[in-house]
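Residue-level structural notes
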Amino acid sequence: MASQESDVIEFSFYFPPESLRAGLLVSLLSVWLLVGVFAYLNHYTQRRYFTLWTAAWLFYGVWLALHVARETGADTPLLLMLRHWSVGVSAVFLFWGSLMFLGRKQRQVTFGLLIAFLMAWSYVAAFHLDNPLQAEIPIFVVLGMASLRAGFCFYMYRRRREYLGASLLMVGLTLWGLYLGGYPIWEKNPYWRPSCFFLCGLLQLFIAVSMIVLVLEEARSRLQHLLESNRAARETCAGLRDRVRSSEDRYHALFEQASDALFVTSTETLEVWESNRCARRLLGWDGSQSGARSLVDCVEELRKKPQPLTGPQALERLRAQRATQLVAANGSKTPVEAEVSLIEFAGRPAYQFAFREITERTRLEEQLRQSEKLTALGRMISGVAHELNNPLAVIKGYLEIILARHPMAGQTRHDLLKVAREAERASNLVGNFLTLARVRPSPQVPTQLNEVVQRVLERSRIDLRMARIETRLDLTNNLPPIQANPDKLEQVIDNLVRNAIQALSSERCGGIVRLATERFNGSIRVRVEDNGPGVPEHLASRIFEPFFTTKPAGKGTGLGLSISHGIISEHNGRLYQQPSELGGAGFVMELPLTRTVVPAEIPAAEPTPGEPAPPGPTGSPPARILILDDEPTLVEMLGQVVRHLGHETRLCSCPVEALKEIEKSDFDLILSDYRMPDLDGRQFYERVTAIKAHLRSRIIFLTGDVANEDTQNFLASTGNACILKPFHLRAVESAINAALQKCALPA
Ligand code: ADP
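In short, a report on the structure. (Residues numbered from 1 in each chain as written. Predicted model: local features only at pLDDT ≥ 70, side-chain atom pairs only at ≥ 80, totals over all residues. Heavy atoms only, no water.)

When helices and strands are tallied, the protein chain shows 22 helices and 17 strands. For the protein chain, the residues scored as buried account for 45% of the 747 residues in total. Within the protein chain, contacts between residues at least 6 apart in sequence are counted, and of these 68% link residues at least 24 apart. Working note: accessible area of the protein chain is about 39200 Å², and carbon and sulfur atoms make up 56% of it. (Helix = DSSP H or I, 4+ residues; strand = E, 2+ residues; numbered from the N terminus. Buried < 20%, exposed > 50% of the residue type's maximum accessible area, 1.4 Å probe, protein only. Contact = heavy atoms within 4.5 Å. Areas by Shrake-Rupley, 256 points an atom, 1.4 Å probe, with all protein chains shown as cover.)

See the structure below:
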């Protein structure tokens, strides 16, 4: 029965005084456990506040150890002093760690001074105070407050991160603080003391476990964070890989489709690693060729060297001499411009060569140069032609008068007729110059180019047959009409056909001339080709120059192509030479389909070709005619002619003087120059009509200046006749008669 009773365990929170030692031991062990846990955490996390808290537990552990010494009865004032000091220092470190935990920086020297002060205080308390409680109570209150403060730290921490460990630490440290704050009182009661130490040990264990829980939670959260950032990094990495792949695809598509020839080569031997479609086309490479190929063999500039060039040398050469030629497998060469850059290709350094074909550009540049040269020449020739017009008109006029009115010996007449013919030739030449300089007005109408070509062919049929030349006509049906001057276009095509016939005349037989029309990019092309000797390359740039000819004297003037060029430019088109597929020369005339502004047609008195026949008295009643020109000889000559026609004249060589005459007297007609020093034709016309409005339709202009579009338009707007210098006297006569008859008609 007795043994049965002893087996029953009664559970109670009361520990008899004899269990004090056990309580102290438990408390001491739990403190050392705490010290161990914090020391480990300090080492593991490298956080400074763990160092301080470890120190706090360590000093608390020292206090407990010294307390054991007291319980054994071997207490001295020195031990007492050390006990007080340990508790104080523990409080200081606990407090310091809390501040550091909250991120508040404190100066170390403050805590050093505090520890020194505690030492002094403990000494005074141990050696000079009678009641040890006077020292113990404040020192334990401080430790309790430091613990409460640490509990508050974990409360703050918990608000930021909801860790269970932080909550447990908050509770544990608060309870421990409350316990320590009241320790000097519990300790006085011998019945409470063992329970106090057990409770304290329990709280310390609780704090140690809570700390481990917190650290584990933190570690888990950090791990989770790492996993998440790892997953995000993997996703970013996958996205970047996709972007790299798609930009690589884009690069490949661009590389392959580029209109320049691109090569990627090694930097040492220029071995071609990659080439694009254009590059393969220019070099005539196809898939059948295998083996390594070096760019040195394909670039003219690099092939020239006796020693094969290294990559950097080749680079230097191409940088210095950008224009070169790509040499294809069959030996054909393409002019190109080179660009080189250093790139990374499959992790290796490489050169990327870009060769831009300049064939078309070279041709266009050449054309531009040519047409600029021709424009400048045309301007110069037109100036000379204008200056020649007046003296030529005087020479021709007087010759006509002399031949018509003065009896002379047969030989003299014969000689003078020769002079007249030469004067006529000179004035035709001037006319040609003006056409060259595009200064003659050229009325434009809707024109069917096929018809123009057929008309030219019809006219040249006999010559072609005589020269035994086969004619091939290759006309595209249903071509839209273009706005053009058909006569001028006929002149151009006729000139091209004539040149072809002349070029083929040296060939024995088998000569072919081909005429073709086609629509091309908003324009119509007319090709005139032959299988003659063609235009030698070194002459190709010169054939459009005025007076350039390779034909013997008397056969060519060298004006045909330059005049044709002028006419086609006047039509906003292009005329150029390119070798024909037939083997000879090919001339292409390109005329735009867009509607061009039609220059107004100036009513011009046409000269009559043939032997000069001067005007004589006509059926028109005698009229009073004012003649105005700043060239006195011309005025005089015209005066003679007009008087011979039976009219009365008033001659003026200054427009201001002429205006005064008009104000003073009545005139039936005015013959006036257009380009004069004081007033030009337009101003003179306006002044005359302001003085006498009825003279508006009675002014006939004489001019060689129709280069200016404004002048052309003005002359056309008056509706009056205009005599182009140099003129035949017949033209003057018919213009005067026509004007007088028009004015005589009832309005
Ligand atoms: P011309 O015929 O009076 O010499 P062009 O201006 O018409 O003047 O021609 C200039 C030069 O162009 C010719 O002398 C000739 O050398 C060259 N040429 C023109 N057409 C041909 C052609 N069909 N074949 C070969 N050369 C040509």
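What follows deals with the sheet that holds strand β16 (residues 699–703). Taken in spatial order, the five strands make up an open sheet running β14-β13-β15-β16-β17, and their pairing is parallel. Pairing within the sheet leaves two strands with one partner each, and these edge strands are β14 (648–652) and β17 (722–724). Between one strand and the next, the sheet's axes are offset by a mean angle of 15°, whatever the strand orientation. As judged from the four bridges shared by strand β13 (residues 624–628) and strand β15 (residues 669–673), these two strands associate in the parallel manner. The partner of I627 across the bridge, within β15, is L671. The sheet contacts of helix α18 (residues 632–644) involve β13, β14, β15 and β16, and relative to β14 the element is tilted by about 175°. (Pairing = 2+ DSSP bridges. Axes fitted to C-alpha atoms, helices over the stretch in contact; angles between N-to-C directions.)

On the surface, a cluster of nonpolar side chains totalling about 640 Å² of accessible area is made up of I137, V141, M145, L148, V171, L175, L178 and F206. Of all the secondary structure elements, the ones that give two or more residues to the nonpolar patch are α6 (133–160) and α7 (164–181). Looking at the nonpolar patch, the element that brings in the most residues is α6, giving four residues. Locating V171 in the fold gives a position in helix α7. (Patch = residues over 30% accessible without salt bridge, like charges linked within 9 Å, V, L, I, M, F, W, Y side chains within 5 Å. Salt bridge = Lys/Arg side-chain N within 4 Å of Asp/Glu carboxyl O.)

Looking now at the packing of helix α2 (residues 20–45) against helix α9 (residues 192–257). Two measures define how a pair of helices packs: the angle their axes make with one another and the distance between the axes. Interhelical geometry of α2 versus α9 gives an angle of 20° and a closest axis separation of 7 Å. Relative to α9, the element α2 is oriented roughly parallel. In the packing of α2 onto α9, the handedness of the crossing is left-handed. A per-class count over the contact of α2 with α9 returns 22 nonpolar, five polar and one charged. (Parallel < 35°, antiparallel > 145°, perpendicular 65-115°, else oblique. Left-handed = near helix turned anticlockwise from the far one by under 90°. Nonpolar A, V, L, I, M, F, W, Y, C, P; charged D, E, K, R; others polar.)

As a further point, take the packing of aromatic side chains. Per the stated rule, a full pass over the model turns up 40 aromatic pairs. Relative to W192, the ring of W186 lies with its centre 6.0 Å away and its plane at 55°, an arrangement referred to as tilted. Look at W186 and you get partly exposed, because its relative accessible area is 29%. The ring of W273 carries R348 above its face, with NZ or CZ at 4.1 Å from the centroid. (Phe/Tyr/Trp six-rings, centres within 6.5 Å; stacked < 30°, edge-to-face > 60°. Lys NZ or Arg CZ within 6 Å of the ring centre and 35° of its normal.)

Another aspect to go through is the pattern of salt bridges. Here the structure, examined in full by the defined rule, presents 27 salt bridges. Among the salt bridges present, the one from R245 reaches D242, with a minimum N-O distance of 3.5 Å. A residue pair is termed a helical-turn pair when its members lie 3 or 4 positions apart in one helix, as R245 and D242 do in helix α9 at three residues. It is possible to trace a salt-bridge network through shared partners that takes in R455, R459, D463, E490, D494 and R498.

Right, let's talk about the site of the ligand for a bit. Within the structure, the ligand sits among 20 residues, and N499, T549, T550, K551 and L561 are positioned closest to it. A distance of 2.5 Å separates an oxygen atom of the ligand from a polar side-chain atom of K551. Calculation on the ligand without its partners gives an accessible area of 530 Å², and the protein chains cover 93% of this total. Elements with a minimum of two residues in the shell around the ligand: α16 (486–504) and α17 (560–570). Broken down by element, the residue count for the shell around the ligand peaks at four residues, all from α16. Each residue belonging to the shell around the ligand can be placed in one class, and the counts come to nine nonpolar, nine polar and two charged. (Near = heavy atom within 4 Å. Polar contact = N/O pair within 3.5 Å; in protein donor to acceptor, adjacent residues only side chain to side chain.)

Relative to the elements of secondary structure, R527 occurs in strand β10 (residues 523–530). A relative accessible area of 17% means that R527 is categorised as buried. Considered as a pair, R527 and M589 are 62 residues apart in the sequence and their alpha carbons are 6.4 Å apart. The residues contacting R527, other than those within four sequence positions of it, are R514, L515, A516, E518, Q578, F587 and V588. A distance of 3.5 Å separates a polar atom in the side chain of R527 from a polar atom in the side chain of E518. Looking at R527, its side chain comes within polar contact range of the side chain of Q578, at 3.2 Å.

On to the sheet that holds strand β1 (residues 261–266), then. The strand order β2-β1-β5-β4-β3 describes an open sheet built from five strands, whose pairing is antiparallel. Each edge of the open sheet carries a strand with a single partner, namely β2 (272–275) and β3 (323–327). Each strand of the sheet is rotated relative to its neighbour by a mean of 40°, with strand direction disregarded. As paired elements, β1 and strand β5 (residues 348–357) share six bridges and run antiparallel to each other. Within the sheet, the bridge partner assigned to F263 lies in β5 and is F353. Packing against the sheet, α9 makes contact with β1, β2 and β5, and its axis sits at approximately 85° to β2. In this fold helix α12 (residues 311–320) packs onto β3, β4 (333–345) and β5, with an angle of close to 30° to the strand it touches most, β5.

Here T267 lies in the loop between β1 and β2. A distance of 3.1 Å separates a polar atom in the side chain of T267 from a polar atom in the side chain of E268. Those residues within four positions of T267 in sequence are excluded, and the remaining contacts are G311, P312, L342, P349, A350 and Y351.

Take the nonpolar core next. Nonpolar side chains tend to gather and get buried jointly when the protein is soluble and globular. In terms of nonpolar packing, the biggest core is built from 57 residues, with W57, Y60, W176, Y179 and M211 touching the most fellow members. Of all the secondary-structure elements, those providing two or more residues to this core are α2, α3 (48–71), α4 (77–101), α5 (108–128), α6, α7 and α9. Those residues in contact with Y60, other than ones at most four positions away along the chain, are V31, S90, L143, W176, Y179, L180, C200 and Q204. Residues V456, L457, I493 and L559 belong to the second largest nonpolar core, which totals 43 residues. (Core = buried A, V, L, I, M, F, W, Y, C linked by side-chain atoms within 4.5 Å.)

Of the positions making up helix α19 (residues 655–664), those classed as buried are P655, A658, L659, E661 and I662. The buried residues of α19 all sit within an arc of 160° when viewed along its axis, so they share a single face. Looking at α19, the residues exposed on the side facing more than 90 degrees away from the buried face are K660, E663 and K664. Buried positions along α19 lie against β13, β14, β15 and α20 (681–691). (Arc of directions from axis to C-beta.)

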